[in-house]
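If you want the building blocks of each chain, they are given just below.
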Amino acid sequence: MKIVACVKRVPTTDLKPQVGSDGKSLGTAGIQYEVSFYDERAVEEAVKQKEQHGGEVTVLSLGSPSGTKELRECLAKGADEAVVLVDEDWSLRDNLATAKALAAKIEELGADLVLTGRVATDRDNAAVGPMLATLLGYACVTDVVELTIDGTSGTAKREAEGGVETYAFSLPAVITCQKDLNEPRHAGLKGIMAAKKKPLTEAEANTPPNQSEVLSLELPPERPAGRIVGEGAAAVPALIDALRNEAKVL
Amino acid sequence: MTTILVLVEHQNGVAKRASLEALGAANALGGTTVAVLFGAGAADAAKTLGAARALTVDLDAWSPDRAAATIAEAIAAHSATGFLAASTSTGRDVAPRVAALCDVPLYSDCTALAAGANGVEITRPWLAGKLIAKLAPSSAIVVATLRRNCFALAEEGAPEVESLAPVGEPKATLTNVEAKAGGKLDVAEAAVVVSGGRGMKEPEHFHLIEELAAAFGNAAVGASRAVVDAGWRPHAEQVGQTGKTVSPQLYIAVGISGAIQHLAGMKTSATIVAINKDADAPIFKLADFGIVGDAFEILPALTEAVKAARAEG
Ligand SMILES: Cc1cc2nc3c(=O)[nH]c(=O)nc-3n(C[C@H](O)[C@H](O)[C@H](O)COP(=O)(O)OP(=O)(O)OC[C@H]3O[C@@H](n4cnc5c(N)ncnc54)[C@H](O)[C@@H]3O)c2cc1C
Ligand SMILES: Nc1ncnc2c1ncn2[C@@H]1O[C@H](COP(=O)(O)O)[C@@H](O)[C@H]1O
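Okay, so let's go over this structure. Quick caveat: nothing in here was measured; it's all calculated off a predicted structure. One numbering rule holds for all chains: residues counted from 1, following each sequence as written. Key to labels: chains lettered from A, ligands numbered from 1, both in the order written. At least 70 in pLDDT is required for a residue's local features to be given in this predicted model, at least 80 for side-chain atom pairs to be given and counted, and no such filter applies to totals for whole chains, interfaces and linings, which use all residues. Computation of side-chain values: all heavy atoms of the structure, hydrogens and water removed.

### Details of the site of ligand 2
Residues and elements named next belong to chain A.
Alright, step 1. The criterion for a residue being near a molecule or strand is simple. One of its heavy atoms has to lie within 4 Å of it. Neighbouring ligand 2 are 17 residues; C6, D39, A120, A127 and V128 lie closest to it.
Alright, step 2. G117 places a polar main-chain atom, nitrogen or oxygen, 2.9 Å from an oxygen atom of ligand 2.
Alright, step 3. Within the backbone of N125, an N or O atom sits 3.5 Å from an oxygen atom of ligand 2.
Alright, step 4. Each accessible area is a Shrake-Rupley result for a 1.4 Å probe, and residues are judged covered by the shown protein chains and nothing else. Alone, ligand 2 offers 480 Å² of accessible surface; in the complex the protein occludes 99% of this.
Alright, step 5. Using only the protein atoms, space was sampled on a 1 Å grid; points where a 1.4 Å probe fits but cannot get out form cavities, open sets with protein on both sides within 12 Å along at least five of seven lines form pockets, and lining residues are those with an atom within 4 Å of a point. Grid points define the cavity or pocket, and a molecule sits in it when more than half of its atoms lie within 2 Å of them. Of all the cavities here, the one that holds ligand 2 is the second largest cavity.
Alright, step 6. Put simply, DSSP H or I for four residues or longer makes a helix, DSSP E for two residues or longer makes a strand, and each gets a number counted from the N terminus. Looking at the shell around ligand 2, the elements with two or more residues in it are β4 (56–63), α3 (95–109) and β6 (113–117).
Alright, step 7. Classification used: nonpolar for Ala, Val, Leu, Ile, Met, Phe, Trp, Tyr, Cys and Pro, charged for Asp, Glu, Lys and Arg, polar for all others including Gly. Across the shell around ligand 2, the residue classes break down as 10 nonpolar, 5 polar and 2 charged. Polar contacts, as counted here, are pairs of nitrogen or oxygen atoms within 3.5 Å of one another; within protein the pair requires one atom able to donate a hydrogen and one able to accept it, and residues that are adjacent in sequence qualify only if both atoms are side-chain atoms.

Here it is in structure tokens:
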């Protein structure tokens, strides 16, 4: 089985962001990067499915060649090769432009199974996975917490608001990975050594232009300062009073 | 005159509140609003919608790709310039596919839409709400999902209801739904959320959180990542950057320290209450009202007091 795991480099989730001097972009000072939280699950699932069914795992990222440390980590965790679609503006691309660039490469690679994160933790789009599937004509199940592949078909459980949904589909398919799908492994020393010899190649991205303009980027307004109404159970009446008469939620 | 299509989700023949907000947002932009409803009960749910027209689509089995193909064809047929859906699990599943079929990007989880001189102006959070972005689409069609509790509900109306045949062959089909035990409210939908963290000490103690939630009547239980990772609570209850984003009328955080990733998921709640034994816990910086003290002492008293207050009416 040919498996592609799509991985995005994003700022770490503890970032306290600043707005750049143009008032439209993310200030770059102090940003540390990591593989997006759910993309770690995509890589783990790719490796697990390969261990079960055989095949090959390619990690694919639209990004900059200067940021390949994260891709080496994916190779150390069991992926076979990594491809960076080189685009210096990767972090500014809209979701459709990103999906088109990735889809073109996936088509060329020819995948049976494409795994993406449920959402990238930078722009919170949750769009690229289902967009890839739509562009490629593949099946797609989003927010997946359990995946079973059997020959050329599969079933996936999806975490929905009312409960858990089960979907049946045929390969090729795009699966977007929710947290409970798996627990990503740590790269062992052996994996780290092996990763050094695995191919990490650069390819041209051909990303189409964005279809929107950023007008402004701002820090959200601060919440008005609150107060401690008291200590221990004795403060309960004061809280009830505040909820009823100030917040008007009781 | 522009036309905007809106996905209206419904249950037992009644439209979901979040979808009525999406209809309200479309109506506020002016032009003609066309609701699209799928599956059994669609015709009933459509009757009183505040839209000029309602398209009901009979799908024998739910398939997000088929729904998207049907919507995209309806967008073309109506020469629509927009498609809106609530940012629910269904809306978020269908909308990116519609966007790709229309060859435009998706604007997810928008908190405001404004009609400007050069088309709509979109407001949406980035980095889990740590930044607010304003965007001007340049495409002919705008596809967006809308965050709950950010848009006024559409008023009732009497749309012209028309049935529409679904398009295409399904690529993925829904075969089963395991409903949540006891039909519990989802954290993302509830008007009141009571969340517990590591300060609850043991999973067995969460009955105190559940009882407070039950006292409010319309509340759901939430959790911090620490207790989800520990296996005390299901991930479906996790609030935060790698869980759910919630924006209820009232959010009560009990034994939760207030890590940046947790705050990202709940800081737009209308009112925030924190209960924590550590007066310096970061959660108090965000809370409107706080009680410093032991959750095990405070929760039973608060539960009784909420019951009494609600009984008084
Ligand atoms: C990539 C990434 C993603 C993350 N995503 C999320 C996310 O989505 N959601 C999330 O919540 N976290 C997330 N986190 C984790 C986050 O950083 C914190 O570790 C987590 O929120 C802490 O949970 P907590 O507040 O329950 O526990 P703690 O930080 O341990 O806090 C427990 C609190 O309970 C209080 N307490 C103890 N005993 C009592 C008592 N008897 N009565 C009252 N109070 C008491 C303590 O004073 C303390 O403030 C993420 C972290 C990373 C790195
Ligand atoms: N630049 C990128 N390179 C590789 N994969 C990406 C990129 N952007 C998004 N993805 C994939 O698509 C998923 C959803 O991203 P998004 O739609 O931006 O939330 C991510 O979790 C990744 O798996």
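### A word on the site of ligand 1
Alright, step 1. For ligand 1, the set of nearby residues contains 28 residues, the closest of which are K201, S224, T242, S257 and Q261 of chain B.
Alright, step 2. Residues near ligand 1 are shared among chains A and B, making this a multi-chain site.
Alright, step 3. One nitrogen or oxygen atom from the main chain of G255 of chain B is found 3.1 Å from an oxygen atom belonging to ligand 1.
Alright, step 4. Taking Q261 of chain B, its side chain carries an N or O atom lying 2.7 Å from an oxygen atom of ligand 1.
Alright, step 5. Surface burial for ligand 1 is 80%, taken as the share of its 1,000 Å² of free accessible area covered by protein chains.
Alright, step 6. When residues of the shell around ligand 1 are traced back to their parent elements, those giving at least two are α6 (225–229), α7 (260–263) and α9 (295–312) of chain B.
Alright, step 7. Residues belonging to the shell around ligand 1 are distributed by class as follows: 7 nonpolar, 15 polar and 6 charged.

### Quick word on the nonpolar core
Alright, step 1. Only buried residues count toward a nonpolar core, which is a set of Ala, Val, Leu, Ile, Met, Phe, Trp, Tyr and Cys residues joined through side-chain atoms within 4.5 Å. Residue burial is assigned from relative accessible area. The probe radius is 1.4 Å, only protein chains are included, and a residue is buried under 20% of its type maximum, exposed over 50%, and partly exposed in between. Ranked by size, the top nonpolar core spans 86 residues in total, and within it I106, L147 and F169 of chain A together with I71 and F83 of chain B carry the most contacts.
Alright, step 2. Once residues within four sequence positions are removed from consideration, I71 of chain B is found in contact with L5, L7, V36, F38, F83, V94 and V98 of chain B. Between two residues, a contact is recorded if the distance between any of their heavy atoms is within 4.5 Å.

### With respect to the state of the cysteines
Alright, step 1. Note on disulfides: each one is a pair of cysteine sulfur atoms within 2.5 Å. Following the criterion strictly, the structure yields 0 disulfides over all chains and no others.
Alright, step 2. Free cysteine C74 of chain A: the closest other cysteine sulfur is in C6 of chain A, separated by 11 Å.
Alright, step 3. Sulfur of C110 of chain B: no disulfide; nearest cysteine sulfur belongs to C150 of chain B and is 9.6 Å away.

### Some words on the interface of chain A and chain B
Alright, step 1. At the junction of the two partners, chain A supplies 78 residues and chain B supplies 91 residues.
Alright, step 2. Across the interface of chain A and chain B, roughly 6,900 Å² is buried in total on both sides, 56% from carbon and sulfur atoms.
Alright, step 3. When residues of chain A are sorted by the area they lose upon contact with chain B, E161, Q211 and R223 of chain A head the list and together hold 12% of the total.
Alright, step 4. By definition here, a salt bridge exists when the distance from a side-chain nitrogen of Lys or Arg to a carboxyl oxygen of Asp or Glu is within 4 Å. Across the chain A-chain B interface, the total number found is 7 salt bridges.
Alright, step 5. Two residues, R244 of chain A and E312 of chain B, come together in a salt bridge whose shortest N-O distance is 3.2 Å. Put simply, buried area is the surface a 1.4 Å probe can reach on two separate parts but cannot reach once they are joined, added for both.

### A few points about the packing of α3 of chain A against helix α4 (residues 128–136) of chain A
Residue and element names in this part refer to chain A.
Alright, step 1. Between α3 and α4, whose axes approach to 9 Å, the crossing angle comes to 50°. Between α3 and α4, the angle falls in the class oblique. Relative to α4, α3 is oriented so that their crossing is right-handed. Judged by residue contacts, N95, L96, T98, A99, K100, L102, A103, I106 and E107 of α3 engage V128, M131, L132, L135 and L136 from α4.
Alright, step 2. Grouping the constituent residues of the contact of α3 with α4 by class yields 10 nonpolar, 2 polar and 2 charged. Fitted lines through C-alpha atoms give the axes, limited to the stretch in contact for helices. The angle between two N-to-C directions lies from 0 to 180 degrees. For classification purposes, an angle smaller than 35 degrees is called roughly parallel, one larger than 145 roughly antiparallel, one from 65 to 115 roughly perpendicular, and anything else oblique. By convention the crossing between two helices is left-handed if the near helix lies anticlockwise of the far one by an angle smaller than a right angle, and right-handed if it lies clockwise.

### A closer look at empty space enclosed by the protein
Alright, step 1. Grid points are joined across faces, edges and corners, and a volume is the space filled by probe spheres set on the points. The final tally for this structure, using the stated rule, is 5 cavities of 30 Å³ or more.
Alright, step 2. Of the voids in this model, the largest cavity is the one considered here, and its volume is about 590 Å³.
Alright, step 3. For the largest cavity, the lining is made up of 34 residues, of which R118 of chain A together with R92, G243, K244 and T245 of chain B are closest to its centre.
Alright, step 4. Those elements that provide at least two residues to the lining of the largest cavity are α4 (89–101) and β9 (119–126) of chain B.
Alright, step 5. Empty space within the second largest cavity amounts to approximately 340 Å³.
Alright, step 6. Around the second largest cavity, the lining is made up of 25 residues, and of these K8, T98, L102, A120 and V128 of chain A lie nearest the centre.
Alright, step 7. Tallied by class, the residues present in the lining of the second largest cavity amount to 11 nonpolar, 7 polar and 7 charged.

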